[in-house]
Amino acid sequence: MGLRGAVPSCGHFFPCRVSHGIAGTLLGEMALCAKKRPPEEERRARANDREYNEKFQYASNCIKTSKYNILTFLPVNLFEQFQEVANTYFLFLLILQLIPQVSSLSWFTTIVPLVLVLAITAVKDATDDYFRHKSDNQVNNRQSQVLIDGSLQQEQWMNVRVGDIIKLENNQFVAADLLLLSSSEPHGLCYIETAELDGETNMKVRQAIPVTSELGDISRLAKFDGEVVCEPPNNKLDKFSGALYWKESKFPLSNQNMLLRGCVLRNTEWCFGLVVFAGPDTKLMQNSGRTKFKRTSIDRLMNTLVLWIFGFLVCMGVILAIGNAIWEHEVGTRFQVYLPWDEAVDSAFFSGFLSFWSYIIILNTVVPISLYVSVEVIRLGHSYFINWDRKMFCVKKQTPAEARTTTLNEELGQVEYVFSDKTGTLTQNVMVFHKCSVRGRSYGDVFDVLGHKAELGERPQPVDFSFNPLADKKFLFWDPTLLEAVKMGDPHTHEFFRLLSLCHTVMSEEKNEGELYYKAQSPDEGALVTAARNFGFVFRSRTPKTITVHEMGTAVTYQLLAILDFNNIRKRMSVIVRNPEGRIRLYCKGADTILLDRLHPSTQELLNTTTDHLNEYAGEGLRTLVLAYKDLDEEYYEEWAQRRLQASLAQDSREDRLASVYEEVESDMMLLGATAIEDRLQQGVPETIALLTLANIKIWVLTGDKQETAVNIGYSCKMLTDDVTEVFVVTGHTVLEVREELRKAREKMMDSPHTVGNGFTCQEKRPSSKLTSVLEAVAGEYALVINGHSLAHALEADMELEFLETACACKAVICCRVTPLQKAQVVELVKKHKKAVTLAIGDGANDVSMIKTAHIGVGISGQEGIQAVLASDYSFSQFKFLQRLLLVHGRWSYLRMCKFLCYFFYKNFAFTMVHFWFGFFCGFSAQTVYDQYFITLYNIVYTSLPVLAMGVFDQDVPEQRSMEYPKLYEPGQLNLLFNKREFFICIAQGIYASVLVFFLPYGVFAEAARDDGAQLADYQSFAVTVATSLVIVVSVQIGLDTGYWTAINHFFIWGSLAVYFAILFAMHSDGLFRMFPNQFRFVGNAQSSLAQPTVWLTIALTTVVCILPVVAFRFLKLSLKPDLSDTVRYSQLVRKKRAQHRCTRRPGRTSSRRSGYAFAHQEGFGELIMSGKNMRLSSLGLAGFATRSGSGWIESLRRKRSDSPGSPPDKPLKG
């Protein structure tokens, strides 16, 4: 039991997956071979000098994620399991049962279930650790080319050390944090992909410092003895400061010179690097959170309840022990001749002391160990349902959903916050040239003959680019008028695509004649250059000084005079080129917020039209850029180029001087048009977000992408809509700036009218003690966007609550440019202060930290490898499956587990408390009512399978209704189905049943006689009657509790009753008596007792009196105060009856107008989600059929919960 609930670390691998991503396999909870070292103040690493570097005891790449070996497994695993309170408790009971003076039960009643639980858990832990060992060996034994003694040698990863020089080849993972020394590319350049670090799949450029870029051959590298002195290990992915000391000179180093672990070398034949950080010291590892021991809220509640029950057990033991001492003192002393005390007992007090321990053993079944076995079995069943769900199977990737842990299923039904990555999770990370505006005309939409915009399914064939032999066959565009304009020679359209073919940093590679491959630093640039290529302006090649473009089949070479590069402050890039005629022109593309202010006044009319197009594109969630140009005369350019050269050579404020020079030339430009690129969402993302929002689940996007990109996707997936009153953007660079921006945001929310869904004024008075509760009155009207550098300040201890209050009051929260560690910190902040269940979902190594931190981690097997999957609790291939995971599997798992626990505690209190009442009639002698075989088999055989069937298969409503009415999800968020109140109700019902099960037969037997006139009241007949009554009562009760009947439920419930009677008659048979005369003494007692009508009448009376109040209460509840699931079930039943009635009256018809209306209602709800309108009225889907208010009780409880985020109250269901 010790490790149930632990998340599988990244050692929980499958061989076919490990080979894909090396870095991801290192992201688990790691114990590296190196011993613990004191914190570093600086890192010193000398090339090719292992002896020098080993003095510092730097960590190596030896990885150990496994926990056990053959010798330590048994002791360590048992030690961990007995750290679980329940296991220690049952071990203590077992020891007590071995003491003859105390035990009145055989030891096997406890040891059999205890050994079973320990064995099951040990097998599970051993299996997990086997996979960890396997993955450790695979990673540690990977080969790397290391320069040793003047030659390249194949070395295992675990033997790589700081200071080694490593050779990397194209498409290889970077094994450690390396200082780039040289590469196959000119000037020491190399290209890397950083998807596992920041989620971005675009390539980035790194460059060796000039002094080492010529070290391309082995002999020169072998003589290299430079020493790197740099910062100690840290988690800052975008910063590095250090220096290289070589040949008595000092050379500064920056992040541009580093290749970080987890990157992939792309489009570079080879490169050499010096290991600076290895193993846990790398920045990737510094950003990876520890694997945390995850437990559900029900687990934590059960631990608390077990302690309470144990306290209750001790109280009952004390009461009965006191009773025993008094009885022995007052009565027992008179019967010493007939009932002598044991030799060790010398007083009534000591007899009471022994009686206390005896009753602790007898009454321990209030918490039987079978509870924990049953919980594990139910969770395992739920996990298999997720794995087997064909509706969560991705046909395209042939990837099923996978429950990688079996311990968190019911918590899937309680999620309140979802933290999602963007790239690869919400989007496909595929950029598509979708629309454009050229000189005031918009292209990209297709219209039918009536002038109406055609939808995608109604569109004709895509544009035919067969005229262009160099066109990309994968490129699709639907508006033929743009191609017609190009073919007609429209000068503005030609200039538009000429700009796209020149203003970029794309590299072109032509492996075969006419087969072009573009290497773009960003998917956006690749999409724009590809669009220009298909429309006849084909970027063919470049040199440092020229760009060659095939314009409508004619090769044209432009002289490249300058590149004014893009950065996050400028938000634009420009090129200055000279065409073959000698004319100099500047081409610029950039953000509309920047570029529109730098246009020539004469373009005002065109600017207004283009702005309308930009607003239209932005409303569709497209990523826009504005294009402009400017002609430069030769004299001005020469003067400007001289000033640019001086600024680039400046020793101080170099960046500012260059920016000023760039600003000067990028002014008074002529507007050319705008582009609109679609970052395609994954299928079903807007609908999924809308549905989860209706279920009162808050979705936060945490991404490493820039702000503009993140906001665009927010609009695309309908997290942000036009109904949002204001989007607060927090971009402060200092603590004071961030605090001020958050304060202003809260003030604006407080000053606005407190409205809820659809504009209804909120009149409810909210407590002023917590600002959050006040702010939540306006939730749903605002959105918050915060940058990573601002988030770093917002997460500081003195400001985190202000940030949390502001964020939780907003409908949508987007955190951009965040590091992997910041993602985890945001999740931890919500976990800590909101006391809500959190779920993190992502697809890359940069998401691993937040996946581990959240209560539930979900990995998407996407384009960024499977690192997130390996660290996750659940995995699937598309974001849209999240709605089914939560609203169907999660809700059902929570419902089933709660019903299981309620019934389990009920049946065990009904069973155990009979002993308590019997104690008052047996001189408190610790005598049991039932025989020991019934006590042993009650929880293992007689009542185990029915409750397991209910816990595994039960449903309140079908899966279609769970998706159709997301408000059904809210009871799990409010923890309504199993809490302390529900627990005490179950206990009270169990105690009530135990009173009737004991006292009704006792009262009847006191006066009853057999058919032959003999006295009926013998001990064994009474025991058989009480046991039979109990088994029948709990069987009828589970029949009432079962909401979804299957053949398995019927078989288990009625089969268990049959098994009970079969075993009962067998134990009182002649055959067993002859074989075991000392064990089965009461021959024929069951047959004799159950042959008496009085006994059966007693059993029937007991059953009716026990069950009748439950039936009456549930009938009244359904009639007077039904909950939402009751209403949905009732409507389902009415529909079914009406359909059957119609089929009876009109056997020839298979459908009717009325049933068509029901389908129309469902379709309408789907269209509402698909329409993209703001769906704030959570009960909208119910208004068509409900006759009573079924969700008011949820809302009233939600308003009382001050520690959880609020949601706008919904309209009550109308009749």
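Anyway, here's the lowdown on the structure attached to this text. (Residues numbered from 1 in each chain as written. Predicted model: local features only at pLDDT ≥ 70, side-chain atom pairs only at ≥ 80, totals over all residues. Heavy atoms only, no water.)

**Digging into the side chain of T838**
Okay, so step 1: Turning to its location among the elements, T838 is positioned in strand β31 (residues 837-842).
Okay, so step 2: Judged by its relative accessible area of 0%, T838 is buried.
Okay, so step 3: The residues touching T838, leaving out its near neighbours within four places in the chain, are Y417, F419, V827, V830, K831, A854, H855 and I856. (Helix = DSSP H or I, 4+ residues; strand = E, 2+ residues; numbered from the N terminus. Buried < 20%, exposed > 50% of the residue type's maximum accessible area, 1.4 Å probe, protein only. Contact = heavy atoms within 4.5 Å.)

**Remarks on the packing of aromatic side chains**
Okay, so step 1: Taken as a whole, this structure holds 60 aromatic pairs when the rule is applied.
Okay, so step 2: Plain terms: the ring middles of F385 and F953 are 6.1 Å apart, the flat faces sit at 50 degrees to each other, and that makes the pair tilted. Taken together, the residues span a long stretch of sequence, with F385 in helix α13 (residues 370-388) and F953 in helix α32 (residues 944-953) at a distance of 568 residues.
Okay, so step 3: With relative accessibility at 25%, the residue F385 sits in the partly exposed group.
Okay, so step 4: A centroid spacing of 5.3 Å and a plane angle of 50 degrees characterise the contact between F900 and F904, whose relative ring orientation is tilted. Note that F900 and F904 are positioned in helix α30 (residues 881-919) at a spacing of 4 residues, about one turn of the helix. The pair F900 / F904 is uniform in exposure class, with both members buried.
Okay, so step 5: Sitting over the face of the ring of Y52, R46 holds its NZ or CZ atom 3.8 Å from the ring centroid. (Phe/Tyr/Trp six-rings, centres within 6.5 Å; stacked < 30°, edge-to-face > 60°. Lys NZ or Arg CZ within 6 Å of the ring centre and 35° of its normal.)

**Remarks on the nonpolar core**
Okay, so step 1: Counting residues in hydrophobic clusters, the biggest one holds 99 residues, and the most contacted among them are L371, F900, L901, Y930, F934, F978 and L1030.
Okay, so step 2: With 18 residues, the top contributor of residues to this core is α30.
Okay, so step 3: Contacts of Y930, omitting those with residues within four sequence positions, involve A910, F911, V914, H915, I935, Y1019, V1026, A1027 and L1030. (Core = buried A, V, L, I, M, F, W, Y, C linked by side-chain atoms within 4.5 Å.)

**Quick notes on the environment of E802**
Okay, so step 1: Structurally, the position occupied by E802 is in helix α26 (residues 800-808).
Okay, so step 2: Along the sequence, E802 and R746 sit 56 residues apart, while their C-alpha atoms lie 9.1 Å from each other.
Okay, so step 3: Sequence-distant contacts of E802, that is, excluding residues within four places in its chain, are made with R739 and R746.

**Structural notes on the side chain of H494**
Okay, so step 1: As for its placement among the helices and strands, H494 is situated in helix α15 (residues 491-502).
Okay, so step 2: A relative accessible area of 16% means that H494 is categorised as buried.
Okay, so step 3: At a separation of 2.8 Å, a polar atom in the side chain of H494 contacts the main-chain carbonyl oxygen of V486.
Okay, so step 4: Apart from residues lying up to four places away in sequence, H494 is in contact with V486, G489, F537 and M552. (Polar contact = N/O pair within 3.5 Å; in protein donor to acceptor, adjacent residues only side chain to side chain.)

**Observations concerning a nonpolar patch on the surface**
Okay, so step 1: On the surface, I319, F920, F921, F999 and Y1002 cluster together to form a nonpolar patch covering roughly 450 Å² of accessible area.
Okay, so step 2: Mapped onto the secondary structure, I319 falls in helix α11 (residues 297-330). (Patch = residues over 30% accessible without salt bridge, like charges linked within 9 Å, V, L, I, M, F, W, Y side chains within 5 Å. Areas by Shrake-Rupley, 256 points an atom, 1.4 Å probe, with all protein chains shown as cover. Salt bridge = Lys/Arg side-chain N within 4 Å of Asp/Glu carboxyl O.)

**Digging into helix α21 (residues 685-694)**
Okay, so step 1: Of all 10 residues that make up α21, 9 are buried, and the element is covered over most of its length.
Okay, so step 2: Regarding α21, the residues found buried are V685, P686, E687, T688, I689, A690, L691, L692 and L694.
Okay, so step 3: In the stretch just after α21, N696 is the one whose phi turns positive, near 65 degrees.

**Structural notes on the state of the cysteines**
Okay, so step 1: Counted according to the given criterion, the structure contains 0 disulfides.
Okay, so step 2: In this structure C190 is a free cysteine whose sulfur lies 5.1 Å from that of C271, the closest cysteine sulfur available. (Disulfide = S-S within 2.5 Å.)

**What about the sheet that holds strand β16 (residues 427-438)?**
Okay, so step 1: Judged by pairing direction, the sheet is antiparallel, and its 9 strands sit side by side in the order β17-β16-β26-β25-β24-β23-β22-β21-β20 without closing on themselves. Bordering the open sheet on either side are β17 (441-443) and β20 (537-542), each of which pairs with just one other strand. Taking each pair of neighbouring strands and ignoring which way they run, the sheet shows an average axis angle of 30 degrees.
Okay, so step 2: Pairing analysis gives 6 bridges linking strand β21 (residues 546-551) to strand β22 (residues 554-564), with the strands arranged antiparallel. (Pairing = 2+ DSSP bridges. Axes fitted to C-alpha atoms, helices over the stretch in contact; angles between N-to-C directions.)

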